[in-house]
Amino acid sequence: MASSELISDTEQWKELKAHVGDIKKTHLRDLLRDDARSRAMMVEFDGILLDYSRQQATLETVGKLFKLAEAASLKQKIDRMYNGEHINSTEDRSVLHVALRAPRDAVIQSDGKNVVPNVWKVLDKIKEFSEKVRSGSWVGATGKQLKDVVAIGIGGSFLGPLFVHTALQTDPEAAESSRGRQLRFLANVDPIDVARNITGLNPETTLVVVVSKTFTTAETMLNARTLREWISSALGPSAVAKHMVAVSTNLTLVEKFGIDPNNAFAFWDWVGGRYSVCSAVGVLPLSLQYGFPVIEKFLKGASSIDQHVRSEPFERNIPVLLGLFSVWNVSFLGYPARAILPYSQALEKFAPHIQQVSMESNGKGVSIDGVPLPFEAGEIDFGEPGTNGQHSFYQLIHQGRVIPCDFIGVVKSQQPVYLKGEVVSNHDELMSNFFAQPDALAYGKTPEQLQKENVPPHLVAHKTFTGNRPSVSILLPSLNAYNIGQLLAIYEHRVAVQGFIWNINSFDQWGVELGKSLATQVRKQLNASRTKKEQIQGFNFSTTSLLTRYLQASADVPADPPTRLPQI
Ligand code: F6P
């Protein structure tokens, strides 16, 4: 395929389009009768089992998807990523988050330079700093130990670290190593988020980590100024040096903000924000909370998947298979959404993180060469831990729209509970649902079955389940730091695989810019109206009316207010 050709123009894409008709004639109920097919659709790597036998696909479909991968030069694109080529062409950057978790002796080049030594330089600095804070050899301005950390950041500078933190909280090793410490995340510019974050915290014992790749993000910088004020109004301006550190690619702006460059932890423009959890963005706050050795295990788990993606044949390659089936579901079967359903409360923040990784990466309307796509790329991701989702939106996925589902289960609970006299352990109870739901979606329930159960005729239609609803099941051996790293990397690579097939740039995000620039215009207007009583101008009727209403109803906001922090 020539680089400017659309993937949808290739023979391989057209063959898959033609194949859809054959698949629409099948039902998962029948496909699942074939044990050989199911056996062929199970893949194991490093303790993780992927079962994709509940995809609406035959082995012929799988073969055709591999041909599509070949037509899209998937292997070559993966290699180009690992070789540090500037595959993020609109920003002229390499895409090397794999280097963030590479072993110390690995060689990964960007612009002719091995980036791994610098990665480890920062990791060593984080290890040293986090040990100092945790041991109490680095103390706050009044000599007290810093037991609490507030990480300020948004988007990729927030969601990944929040996911990993939430996942580790109840892991026995991580829980033990974080005893007596707190990690909080301040993301929203809403002052309510500030209030909620600082409630119960004492500036004397709090370390603030400002996390921003650009160090220009409006929300993060206002929150950083707010917490700087919170610290300096309590402890004096000189306390900032002891209580605020930063993670950024822009060390000049960090210094301008007033943070000592020695207390700044760098990363690089070849790390996309949403792919940055394995950089200082995640590693610093998480090491402060759990200690570097735990977080190093997380990095090793991700690295194991990085090697798998690069070297495993596609037939046994978990992220490649997942990526190909996502494309199959979205672009061929016409299912635009996907539900991420971890049967683990510890993974409650996984879906929000993957929402950004997937939707900011692949929510694109043009090919990497700027040609409008004649098909829809990207998918609509959402999710909740099971079994909570079952009591919320599963009605729709069982009897309403077809939403391909990712079921994620864990063999060994982080926190097992057994009650004498109960039929099963609490974790077995949870996992009964993990095993049952994919079959309920796949098989459904026919009117004939209902009639045999003597269901009153007027209820048969309501109680019928059409079935034939696709899912994948991913079974992890446990949920320790290593497994959490594996899971993260599987999904990161899956998203990249989808983008490589669709031939889009999964590593830029121009779509977030327009709203930001319009907000700048509104910000200027709010200031001019509040301070100089200027008329609202330059907006359409609707926005003018809304702004007028807002300003009139909040006329008590002073034009030049003294500093006021949350009072809660
Ligand atoms: O608005 C989107 C975005 O640019 C994301 O891609 C990024 O993760 C987030 O904002 C935060 O950016 P930064 O880390 O530069 O503050």
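This one's a predicted model, so the numbers in the text were calculated from it and none came from an experiment.

**Some thoughts on the pattern of salt bridges**
Okay, step 1: One pass over the structure, following the stated rule, counts 25 salt bridges.
Okay, step 2: For Asp51, the salt bridge is made with Arg54, and the minimal N-O distance between the two is 3.3 Å. Side by side, Asp51 and Arg54 carry an identical accessibility label, which is buried.
Okay, step 3: As a salt-bridge pair, Glu173 and Lys297 come within 2.7 Å of each other at their nearest N and O atoms. One end of the pair, Glu173, is in helix 8 (residues 172-177); the other, Lys297, is in helix 14 (residues 292-311), with 124 residues separating them in the sequence.

**With respect to the site of the ligand**
Okay, step 1: Not every one of the 14 residues close to the ligand is listed here, only the nearest: Ser157, Ser212, Thr214, Thr217 and Glu360.
Okay, step 2: Gly156 has a polar backbone atom sitting 2.7 Å from an oxygen atom of the ligand.
Okay, step 3: Side-chain polar atom of Gln356 to an oxygen atom of the ligand: 3.3 Å apart, as the coordinates give it.
Okay, step 4: For the ligand, whose accessible area on its own is 390 Å², the fraction buried by protein is 86%.
Okay, step 5: Tallied by class, the residues present in the shell around the ligand amount to two nonpolar, nine polar and three charged.

**So, the pairing of strand 10 (residues 337-342)**
Okay, step 1: Here strand 10 lies mainly inside the structure; six of its six residues are buried.
Okay, step 2: A two-sided burial pattern is seen for strand 10, the buried positions comprising Ala337, Ala339 and Leu341 on one face and Arg338, Ile340 and Pro342 on the other.
Okay, step 3: Pairing of strand 10 with strand 11 (residues 380-383), which is carried by four bridges, proceeds in the parallel orientation. The partner of Ala337 across the bridge, within strand 11, is Ile380.
Okay, step 4: With four bridges joining them, strand 10 and strand 12 (residues 405-410) adopt parallel strand pairing. Within strand 12, the position partnered with Pro342 by the bridge is Ile408.

**Observations regarding the sheet that holds strand 2 (residues 48-51)**
Whether parallel or antiparallel, the strands of a sheet pair through hydrogen bonds between backbone atoms.
Okay, step 1: On the basis of which strands lie adjacent, the open sheet formed by six strands has the order 1-2-13-12-10-11 and mixed pairing. Single-partner strands in this sheet number two, and they are strand 1 (42-45) and strand 11. Strand-to-strand twist across the sheet, computed as the mean angle between neighbouring axes with direction ignored, equals 15°.
Okay, step 2: Relative to strand 13 (residues 471-476), strand 12 runs parallel, the two being bridged by six bridges. The residue bridging Gly409 from the neighbouring strand is Leu475, located in strand 13.
Okay, step 3: Across the sheet, helix 16 (residues 350-362) touches strand 10, strand 11 and strand 12, and the angle it forms with strand 11 is around 175°.

**Section: the sheet that holds strand 7 (residues 206-211)**
Okay, step 1: On the basis of which strands lie adjacent, the open sheet formed by five strands has the order 6-5-7-8-9 and parallel pairing. The open sheet has two edge strands with one neighbour each: strand 6 (182-186) and strand 9 (264-266). Adjacent strand axes in the sheet meet at a mean angle of 20° when their direction is disregarded.
Okay, step 2: Relative to strand 9, strand 8 (residues 244-248) runs parallel, the two being bridged by three bridges. Looking at strand 9, one finds that Ala246 is bridged to Ala264.

**Here's the deal with the side chain of His165**
Okay, step 1: Along the polypeptide, His165 turns up in helix 7 (residues 159-168).
Okay, step 2: Among the residues examined, His165 registers a relative accessible area of 5% and is labelled buried.
Okay, step 3: When neighbours within four sequence positions are excluded, His165 is seen to be in contact with Leu183, Phe185, Leu286, Gln289 and Tyr290.

**What about the side chain of Lys77?**
Okay, step 1: As for its position among the elements, Lys77 is in helix 5 (residues 74-82).
Okay, step 2: This buried residue, Lys77, is left without a salt bridge; Asp369 holds the nearest opposite charge, at 8.2 Å.
Okay, step 3: Aside from chain neighbours lying at most four places away, what touches Lys77 is Ala72, Phe500 and Asn503.

**Some words on the pairing of strand 6**
Okay, step 1: The buried fraction of strand 6 is high, at four of five residues.
Okay, step 2: By the bridge criterion, five bridges tie strand 5 (residues 148-152) to strand 6 in an arrangement that is parallel. Residue pairing for strand 6: Asp148 is matched across the bridge by Gln182.

**Points about the packing of aromatic side chains**
Okay, step 1: Tallied over the full model, the rule gives 18 aromatic pairs.
Okay, step 2: When the ring of Phe158 is compared with that of Phe185, the centres are 6.2 Å apart and the planes differ by 55°; the resulting orientation is tilted. You can see Phe158 sitting in the loop between strand 5 and helix 7 and its partner Phe185 sitting in strand 6, a full 27 residues away along the chain.
Okay, step 3: Phe158 gets classed as buried once you look at its relative accessible area, which sits at 17%.
Okay, step 4: Considering the side-chain rings of Phe393 and Tyr394, the 5.5 Å spacing of their centres and the 50° angle between planes classify their relative orientation as tilted. Here Phe393 and Tyr394 have matching classes, each one buried.
Okay, step 5: By the ring-pair criterion, three or more aromatic residues cluster together here, those being Trp13, Trp328, Phe332 and Phe375.
Okay, step 6: Note that Lys125 overlies the ring of Phe265, its terminal NZ or CZ placed 5.0 Å from the centroid.
Okay, step 7: One Lys or Arg, Arg228, reaches over the ring of Phe257 and ends 4.3 Å from the middle of that ring.

**Observations concerning the nonpolar core**
Okay, step 1: Within the largest apolar cluster, 130 residues are counted, with the highest numbers of intra-cluster contacts made by Phe298 and Trp328.
Okay, step 2: Considering each element in turn, this core owes the most residues, 13 residues, to helix 21 (residues 481-502).
Okay, step 3: Excluding its chain neighbours within four sequence positions, the residues that come into contact with Phe298 are Val164, Val277, Cys278, Ala481, Tyr482, Ile484, Gly485 and Leu488.
Okay, step 4: Within the second largest apolar cluster, 22 residues are counted, among which are Leu186, Met244, Phe257 and Ile259.

**Details of unusual backbone geometry**
Okay, step 1: Of the consecutive residues Gly386 and Thr387, the connecting peptide bond is found in the cis state with omega at 5°.
Okay, step 2: Positive phi values are uncommon outside glycine, yet Phe215 reaches one of about 60°.
Okay, step 3: Along the chain, Phe215 falls in the loop between strand 7 and helix 10 (218-235).
Okay, step 4: For Lys533, which is not glycine, the phi torsion reads 55° and is therefore positive.
Okay, step 5: Following the sequence through the fold, Lys533 ends up in the loop between helix 22 (513-532) and helix 23 (541-553).

**Considerations on helix 1 (residues 11-24)**
Okay, step 1: If you check helix 1, its first and last C-alpha atoms are 20 Å apart, about what 14 residues at 1.5 Å a residue would give, namely 20 Å.
Okay, step 2: In helix 1, a bend of some 25° at Ala18 exceeds every other bend along the element.
Okay, step 3: Considering only its buried residues, helix 1 is in contact with helix 4 (59-71), helix 15 (318-332) and helix 21.

The rules behind the values
Residues numbered from 1 in each chain as written. Predicted model: local features only at pLDDT ≥ 70, side-chain atom pairs only at ≥ 80, totals over all residues. Heavy atoms only, no water. Salt bridge = Lys/Arg side-chain N within 4 Å of Asp/Glu carboxyl O. Buried < 20%, exposed > 50% of the residue type's maximum accessible area, 1.4 Å probe, protein only. Helix = DSSP H or I, 4+ residues; strand = E, 2+ residues; numbered from the N terminus. Near = heavy atom within 4 Å. Polar contact = N/O pair within 3.5 Å; in protein donor to acceptor, adjacent residues only side chain to side chain. Areas by Shrake-Rupley, 256 points an atom, 1.4 Å probe, with all protein chains shown as cover. Nonpolar A, V, L, I, M, F, W, Y, C, P; charged D, E, K, R; others polar. Pairing = 2+ DSSP bridges. Axes fitted to C-alpha atoms, helices over the stretch in contact; angles between N-to-C directions. Contact = heavy atoms within 4.5 Å. Lys, Arg positive; Asp, Glu negative; His and termini not counted. Phe/Tyr/Trp six-rings, centres within 6.5 Å; stacked < 30°, edge-to-face > 60°. Lys NZ or Arg CZ within 6 Å of the ring centre and 35° of its normal. Core = buried A, V, L, I, M, F, W, Y, C linked by side-chain atoms within 4.5 Å. Expected span 1.5 Å × (residues − 1). Bend = angle between axes of the 7 residues up to and from the residue.

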